[in-house]
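Summary of the model geometry
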Amino acid sequence: MDRLSVSTSATIVFLSLIGVLFGQRTCTTTQVSYQTTSSVGYYSEPYSQNYGCGFWDWSRCSRTRYRSRTRAVYRQTAVYRTVCCSGYTGSRCEAVCSPSCRNGGTCSSPNSCSCQSGWTGSICTLPVCPFGCANGGTCTRPRVCSCRSGWTGATCSQPVCTPSCENGGTCTSPNTCTCQNGWSGDSCNNDINECAVDNGGCHHTCHNTAGSFECRCNSGYSLASDGRTCNEPPAVPRNIVVSNVGKRTATVSWVPPPNTFPNQLTAVSAYRICASQNQFQEGNRVVTAGQQSRMYEFTNLEEYTAYFFHVAAFNSFGEGASNDPIEATTLEAAPSAAPLAVQAFPNSSYNITILWSPPPEIDRNGVIIYYEIQLTETENGTEFQWTSPELTTTRGSLHPHFHYEFRVAAHTSIGTGPFSAVETVQTLPAAPTAAPTQLRVSNFDSSTIALVWEPPPFTDRNGDIVRYHIRVTEQETQTIFEYSSTSQHYTLTSLHPYYNYVISIAAETVGVGPFTTGLLQPTMESVPSSAPGNFSMAVVNSTSILLSWSELPLPERNGVVQGYTICLTNVRNGRDTDYSAVSGPYSIVNLHPDFTYRAEVAAVTVVGAGPFSSQIEVRLPEAAPSGPPTHFSVDELSPRSITLKWGYPLEEDRNGVISGFRVRFISNNFTDLEVENATITIEEVKPFTLYYAEVAAFTMVGIGPYTVRIRVLTPEDVPSPVSTTMLEAIQGSPTQLTVQWRPPEEPNGELLAYSVCCRESTQQPLCDCDSAISVSSTSCPCGDLEQDTSYHLQAMFPVGLPHVKVIGGFSPYTNYTCFMTANTSAGESSPGIPHSSTTDESTPADEPQDIMVNSLNSTAILIQWSPPHIPNGIILFYTIYINDSITFNIIAAYQNSFMFGWLSPYQLLNVRLSASTKVGEGPLTESQSVTTDESGTDKVYFDFSTIVIIFTSLTNLMPLQVSCMSHKKSMP
């Protein structure tokens, strides 16, 4: 296998990124190159090849062949090697920095230094001060600052003062002191007199001290927490006025008191306002107002009452003095409370009395003029309202046993006060003034009626209903029944079926109210209470009976008799059948002959049947069967016989003792056969023929119905022999024969196909094909031989017109003997009478055989041969080709050899032969070479008698005939 080297196709670099990120000082890469090789591969490619096939290769067939093909196959191989990353060098691939790192720094990556603590910069030459150098200082070494003048400290952040600050002063910048309160000067050594300005901010007196001062209060006062103010409460508010006095309100206004030392401690923080009904007491109406308040409105004061008002101010030191009391009286108002002890009691069913006491004196708020009474009828919401100057009142024309809600309110000249709480009173009950309503009745059964009703209208009940009275009148007997119920429903029981009842109801409280209008309600029907009388049964014929009875008495019907139900029992099978009759007598038909029946009858209303009468039994006479035999079917079936079987009719259809059966067999005519048993075999039927059959049973009285006619198709059989009428050759078709025939006289089934069996007549003597022999699909037996394999299946035709076909696949110019058979599903017929015929001639199928070419002398050669194996006809002549330039046609009837002379000595000759029939020339033999003897070496002579040759030039095809007779002799 050849290989071809190909240049590198790709390089892939893998970086160690994590190592680089964490400062690793080395870095490598992996280079991948690919080497491509090629080779030659082989594979098979299918192609289609045509060739001759069939009889004598006359047909063209196609088959798949395979041939080898080549193609190039390429394969890549990866080659890996490790190199340093860019910026790295050496055997360990370490990083390179230029210029190099200083002060102990190390090169961590290309041109990147990792510095020691205290140094920074690209090559570690810059010192680092972690907290920086302030106020213009410079970092000269790691963590060391060089400060400017006036500053000191590790970071140059501390100022320097000369001289230093005194009395608690602080150096805040170079040569600058910030002094404590009370001192001044460059070094804070001068005292300040604070009392010289605004009394030092003191309330009463200011006293100076070294570096400070203090405030002092007059006798009787103390210094406040601010060290400046003395604890002096506020003065009395000014211009206090009481105005806008109403029924329950009054407004107090004022002006703030004066303040000689205003500040947060002395400022008024709140006001205290009092309203009292006693000028010498503070009272219970004390409120506090805010710092900015200048007035306050009292509310919810008592009407028609004198009040005394006081105002005082507050600051951080306490409450100041209040003013002298100012008196004001509120105006009159409606009462503020309801009357007391409100109550009522009923006088009768129609009136009540209400009484009460006045409101508390403090809540009257004036003079009570009268009282207002409100009365509400709870049941329907009707309201009543009136007034009374007294402490009692009576109300009439009310409704019995109704609930009434009432309340009372007092009234002054200003208005009405609040009503008292609602109280309830109920009038006394009375008898209802109306009857119950919505009376509804329903029947549960023939002796029960259910009643449901509603109470009288509420306004007409006049009390609690304790019970209901029910009055029931039975119209048929004019009997009155009385019942009572404490609920709104009642069930009447033990009533007479199908009777009319009039029903009315009344309600009772302290008395019985009116009854409802009578409601007519009949009871439901019931089943009759007795059976019809005089029941009898008479036989009419073998399939019918007549039943008779008398009607029920009227009291026992319990409704309208709609008809009668008859129960008829088949004693043999216990089956019951019900019949309905409007009246008697009643006829029942379509019964089973020879059966025993039992009957009974009952009267029927819409509710159902009453009791049945006593049973009567009778047996009907015998009759012809009413049903056919059962399970009629074909038991056994062959092409020449039919066996039928069946079962007896159903027991209920036999109508007596079965004496026998009649079988009707139908083909072209009817055939009736009588048998005693339930089977029959019918012989001498035809194969593949449609028959019909039916069977009936009979008793001594008559024959019954036939079964459903069944269809019987006999199986197929082998057909009778086929008659061949013609077997002829076809002019110009050496491999085909024409066959003509007549179909079998007895096909014995559905013909499926025709078969033609043939053999060459020269293989064995013609056999007798009259005997019935089974024919296989691969060979055709014939004659007395058990299996004649000389016949083979030549062709098979489908069934149909015309009955003439062309058969192929024969050898040319051959005598064939053929016969025909027909096929059904049962098999193949016996062979028909054979016919013989010879196929037409064709060109020879092969070349002449056993060819020999010998040199006779220096001028002649001898050519000898045998006929072709397959001449396909009569060989008329042989054609000899000499060096493919001279052709001789030799008449084959005379000889199979030829001597060719007039040749040159020691001449090389190539000889080929072919045979011809009347149809044409066959194939040529292989070329045979011969060389004539040298001159003077002749050893063979020939005597020619009669030789007929035809000389033909390959250029002008002009024949030359020569006749002679010769007998070849060999010389020593």
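Residues numbered from 1 in each chain as written. Predicted model: local features only at pLDDT ≥ 70, side-chain atom pairs only at ≥ 80, totals over all residues. Heavy atoms only, no water.

As annotated in an unreviewed UniProt entry, the chain carries the name Receptor-type tyrosine-protein phosphatase F and is attributed to Geodia barretti.

If you tally the helices and strands in the chain, you get two helices and 74 strands. With 972 residues in all, the chain has 38% of them scored as buried. Taking as baseline every contact in the chain between residues at least 6 positions apart, the subset at least 24 positions apart corresponds to 58%. Surface summary for the chain: the accessible area is close to 53,100 Å², and the carbon and sulfur share equals 50%. (Helix = DSSP H or I, 4+ residues; strand = E, 2+ residues; numbered from the N terminus. Buried < 20%, exposed > 50% of the residue type's maximum accessible area, 1.4 Å probe, protein only. Contact = heavy atoms within 4.5 Å. Areas by Shrake-Rupley, 256 points an atom, 1.4 Å probe, with all protein chains shown as cover.)

What follows is about unusual backbone geometry. Here the residue pair Ser98 and Pro99 is connected by a cis peptide bond, since its omega of 5° sits within 30 degrees of zero. Along the chain, the position of Pro99 falls in the loop between strand 4 (94–95) and strand 5 (106–109). Here Gln478, not a glycine, exhibits a phi torsion of approximately 55°, which is positive. Mapped onto the fold, Gln478 is located in the loop between strand 37 (467–474) and strand 38 (479–485).

With antiparallel pairing, the four strands of this open sheet are ordered in space as 38-37-40-41. Whereas interior strands pair on both sides, the edge strands pair on one side only; in this sheet they are strand 38 and strand 41 (519–522). Taking each pair of neighbouring strands and ignoring which way they run, the sheet shows an average axis angle of 30°. Pairing of strand 37 with strand 38, which is carried by seven bridges, proceeds in the antiparallel orientation. Directly across from Arg471, in strand 38, lies its bridge partner Glu482. (Pairing = 2+ DSSP bridges. Axes fitted to C-alpha atoms, helices over the stretch in contact; angles between N-to-C directions.)

The next subject is the side chain of Thr523. Structurally, Thr523 can be placed in the loop between strand 41 and strand 42 (533–541). From its side chain, Thr523 meets the backbone oxygen of His496 in a polar contact 2.7 Å long. From its side chain, Thr523 meets the backbone nitrogen of Tyr498 in a polar contact 2.7 Å long. Each residue touching Thr523, except ones within four places of it in the same chain, is listed here: Asn443, Ser446, Ile449, Leu495, His496, Pro497, Tyr498, Tyr499 and Tyr501. (Polar contact = N/O pair within 3.5 Å; in protein donor to acceptor, adjacent residues only side chain to side chain.)

Moving on to the packing of aromatic side chains. One pass over the full model with this rule turns up 19 aromatic pairs. A centroid spacing of 5.0 Å and a plane angle of 80° characterise the contact between Tyr296 and Phe298, whose relative ring orientation is edge-to-face. What makes Tyr296 partly exposed here is its relative accessible area of 27%. Through successive ring pairs, a cluster of aromatic residues spans Phe632, Trp646, Tyr648 and Phe661. It is Arg395 that lies over the ring of Trp386; its NZ or CZ is 5.0 Å from the centre. Against the face of Phe419 rests Arg407, its NZ or CZ located 4.3 Å from the ring centre. (Phe/Tyr/Trp six-rings, centres within 6.5 Å; stacked < 30°, edge-to-face > 60°. Lys NZ or Arg CZ within 6 Å of the ring centre and 35° of its normal.)

As a further point, take the nonpolar core. Core analysis: the largest hydrophobic core is formed by 20 residues, its most contacted members being Ile545, Leu547, Trp549, Ile566, Leu568, Ile588 and Leu591. For this core, the element with the highest residue contribution is strand 47 (residues 596–604), accounting for four residues. If near-sequence neighbours (up to four positions away) are discounted, Leu547 is found in contact with Phe535, Ser536, Met537, Ile566, Pro585, Tyr586, Ile588 and Ala599. (Core = buried A, V, L, I, M, F, W, Y, C linked by side-chain atoms within 4.5 Å.)

Here we take up the sheet that holds strand 53 (residues 679–683). An order of 49-50-53 is seen for the three strands of this open sheet, with the pairing classed as antiparallel. The sheet terminates laterally at strand 49 (630–638) and strand 53, the two strands that pair on one side only. Averaged over all pairs of adjacent strands, the angle between strand axes in this sheet comes to 15°, irrespective of strand direction. Pairing of strand 50 (residues 641–647) with strand 53, which is carried by five bridges, proceeds in the antiparallel orientation. Note that in strand 53 the partner of Lys645 across the bridge is Thr679.

Turning our attention to the layout of surface pockets. Looking at the second largest pocket, its volume works out to about 230 Å³. Forming the walls of the second largest pocket are 18 residues, and the residues nearest its centre are Pro234, Pro258, Asn259, Thr260 and Thr266. Of the residues that constitute the lining of the second largest pocket, the class distribution is ten nonpolar, six polar and two charged. (1 Å grid on protein atoms, 1.4 Å probe; cavity = no way out; pocket = protein on both sides within 12 Å on 5 of 7 lines; lining within 4 Å. Points joined across faces, edges and corners; volume = space filled by probe spheres on them. Nonpolar A, V, L, I, M, F, W, Y, C, P; charged D, E, K, R; others polar.)

Bringing the state of the cysteines into the picture now. In the structure shown here, the tally under the stated rule is 14 disulfides. One disulfide bridge connects Cys84 with Cys93, the sulfur atoms lying 1.9 Å from each other. Since a negative S-S torsion denotes a left-handed disulfide, the Cys84-Cys93 link at about -80° is left-handed. Sulfur-sulfur distance for the disulfide between Cys217 and Cys230 comes to 1.9 Å. Since a negative S-S torsion denotes a left-handed disulfide, the Cys217-Cys230 link at about -105° is left-handed. Here Cys230 lies in the loop between strand 18 (212–216) and strand 19 (238–243) and Cys217 lies in the loop between strand 18 and strand 19, a separation of 13 residues in the sequence. On the basis of relative accessible area, Cys230 is assigned to the buried category, the value being 0%. (Disulfide = S-S within 2.5 Å.)

What follows covers the environment of Glu716. Here Glu716 is to be found in the loop between strand 55 (710–713) and strand 56 (723–730). For Glu716, a relative accessible area of 16% corresponds to the buried category. Discounting residues that sit within four places of it in the chain, Glu716 has contacts with Pro639, Phe688, Asn748, Gly749, Glu750, Thr824, Ser825 and Ala826. A distance of 3.3 Å separates a polar atom in the side chain of Glu716 from the backbone nitrogen of Glu750. At 3.1 Å, the side chain of Glu716 forms a polar contact with the side chain of Ser825.

Let us now look at the environment of Arg248. Tracing the backbone through its elements, the reader meets Arg248 in the loop between strand 19 and strand 20 (250–255). Along the chain, Arg248 and Glu332 lie 84 residues apart, while their C-alpha atoms are 9.0 Å from each other. Each residue touching Arg248, except ones within four places of it in the same chain, is listed here: Phe298, Thr299, Asn300, Leu301 and Glu303. For Arg248, the side chain forms a polar contact with the side chain of Glu303, separated by 3.4 Å.

Before going further, it helps to spend a moment on the pattern of salt bridges. In this structure the tally under the stated criterion is 17 salt bridges. Each of Arg664, Asp672, Glu694 and Arg709 takes part in a single network of salt bridges with overlapping partners. (Salt bridge = Lys/Arg side-chain N within 4 Å of Asp/Glu carboxyl O.)

Bringing the environment of Ser935 into the picture now. Position of Ser935 among the secondary structure elements: in the loop between strand 70 (928–931) and strand 71 (943–945). Residues Ser935 and Pro905, spaced 30 residues apart in sequence, show a C-alpha to C-alpha distance of 5.5 Å. Setting aside chain neighbours within four positions, we find Ser935 in contact with Ser858 and Pro905.

Okay, the confidence of the model for the chain next. For the chain, per-residue confidence averages 83 on the pLDDT scale, and residues scoring 70 or more make up 86% of the total. Across residues 763–787, confidence stays below pLDDT 50; counting only partners more than four residues off in sequence or on other chains, it has 71 contacts. In this model, residues 938–972 is a region of pLDDT below 50 whose contacts with residues beyond four sequence positions or in other chains number 74 contacts. (pLDDT = per-residue confidence, 0-100.)

For strand 57 (residues 733–742), the buried fraction is high: seven of the ten residues fall into the buried class. Pairing of strand 56 with strand 57 involves seven bridges; the strand directions are antiparallel. Among the inter-strand pairings, Glu728 is bridged to a residue of strand 57, identified as Thr738. In this structure, the hairpin formed by strand 56 and strand 57 is closed by a connection of two residues, where Gly732 is found at a positive phi of approximately 85°. Two strands pair when backbone bridges link them, and strand 57 and strand 60 (residues 804–807) are joined in this way by four bridges, in the antiparallel orientation. The residue bridging Leu737 from the neighbouring strand is Ile807, located in strand 60.

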